[in-house]
Every structure is written in C-alpha cells, then in structure tokens.
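Commentary on secondary and tertiary structure
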Amino acid sequence: MMTQPIQVFENLTSETSPAGGNALTKMGFSFEDRRLIEREARFARAAAVAEIVTDALMWVRRQTKRLVAAVKADFKLRSAEAQLLRMSDRELSDLGLCRAEIHFAVRETTEGVMPQFDAVGDHVTPANQNVRRAA
C-alpha cells in the first residue's frame with residue numbers, strides 16, 4: 001500500500017489573508033476605506049429593500065381597495081335587483097320593463113353595460129331591435 005505525502009497549504013486560511021483577499025490591499029484600499037464602502041453598500045441595499053417593501057404594501061392596499069369597492073358595488077346591484085323583483089308586473093310595465101329585463105336594466109344603468117353588436121361594415125346592427133330601457 002502506497003501512502004500519499006502530506007500536502008501543506010499555506011496562506012489559505014482566514015488568519016493569513018484578510019477577508020476579500022490581498023487584491024484590495026494592493027489597490028490601495030485601507031481597512032477604514034473598506035469599512036466605509038461596506039457600510040454604504042449596506043445602506044444602499046437597505047434602501048432598495050425598503051422601497052420594494054413599500055411598493056408591495058401599496059400594491060396590496062390598492063388591490064384591497066378595489067376588492068372592497070367591487071363588493072360594495074355588487075351589494076348595491078343586488079339590492080336594486082331585489083327591489084325591482086319585489087314589484088308587481090303592473091309596476092314594472094309602468095317603468096317599461098318586464099321581469100326578464102330586470103338584470104340587464106340594472107347592470108346597464110349602473111355600469112354602462114350595453115348589449116353586444118355585430119358590426120357589418122360601417123353599419124352596426126343591434127342584437128335586439130326592440131330593446132327597452134328603464135326610465
């Protein structure tokens with residue numbers, strides 16, 4: 001059985017070379033200069049992280065506001081539909097509606113939703129010729 005000679009590695013431990021190697025000392029950076037550069041880098045990194053976190057929180061806030069507004073609008077629409085559905089057929093006909101048009105009439109007046117139209121050239125033909133609207 002053959003044995004390998006023991007290899008000695010010099011100048012490879014942290015005790016013999018400064019953190020970052022000897023290249024920085026050859027460039028003329030002193031220990032204080034390196035500390036100053038590292039501190040500025042930490043401050044810049046902290047500022048970048050703070051900006052990212054702030055942007056993320058603002059985005060979450062905007063999305064939450066949109067969600068709350070959508071839920072409120074949905075409750076208002078459902079309330080208006082329920083009010084119209086409680087009316088008799090006679091009262092609905094006075095408004096120019098029938099029961100089948102309640103959902104469309106409420107959505108049209110609150111959201112501006114219009115029926116889909118098929119465009120044929122420059123002339124647009126409505127999907128339903130006798131669309132009645134709420135007064």
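Residues numbered from 1 in each chain as written. Predicted model: local features only at pLDDT ≥ 70, side-chain atom pairs only at ≥ 80, totals over all residues. Heavy atoms only, no water.

Looking at the nonpolar core
Rule in force here: As used here, the term nonpolar core means buried Ala, Val, Leu, Ile, Met, Phe, Trp, Tyr and Cys residues forming a set that is joined through side-chain atoms within 4.5 Å. When accessible area is computed with a 1.4 Å probe and restricted to protein chains, residues below 20% of their type maximum are described as buried, those above 50% as exposed, and intermediate ones as partly exposed. The way it works is that DSSP assigns letters per residue, a run of H or I at least four long becomes a helix, a run of E at least two long becomes a strand, and they are numbered from the N terminus.
In this structure, Leu77, Leu84, Leu92, Leu97, Ile102, Ala105 and Val106 together form the largest nonpolar core, which totals seven residues. Listed by contribution, the elements that provide at least two residues to this core are helix H2 (31–85) and helix H4 (102–111). Of the residues forming this core, the biggest block, three residues, is contributed by H4.

Here we look at the confidence of the model for the protein
Quick reminder of the rule: As a per-residue measure, pLDDT reflects the predictor's confidence and takes values from 0 up to 100.
Considering every residue of the protein, the mean pLDDT works out to 77; 61% of them sit at 70 or more. Per-element mean pLDDT across the protein ranges from 52 in strand E1 (residues 118–120) up to 93 in H2.

Some words on the pattern of salt bridges
To be explicit about the condition: A pair is scored as a salt bridge if a Lys or Arg side-chain nitrogen falls within 4 Å of a carboxyl oxygen belonging to Asp or Glu.
As enumerated under the stated definition, the model contains four salt bridges in all. One salt bridge in this structure joins arginine 35 and glutamate 32, with 3.5 Å as the shortest N-O distance. Of this pair, arginine 35 and glutamate 32 are both found in helix H2, three residues apart, which corresponds to roughly one turn of the helix. Residue arginine 35 is classed as partly exposed on the basis of its relative accessible area of 41%. In this structure, aspartate 74 and arginine 78 form a salt bridge, with 2.8 Å as the shortest nitrogen-oxygen distance. Here aspartate 74 and its partner arginine 78 are both found in helix H2, four residues apart, which amounts to about one turn of the helix. In this structure aspartate 74 comes out as partly exposed when scored by relative accessible area, which is 29%. Among the residues examined, arginine 78 registers a relative accessible area of 52% and is labelled exposed.

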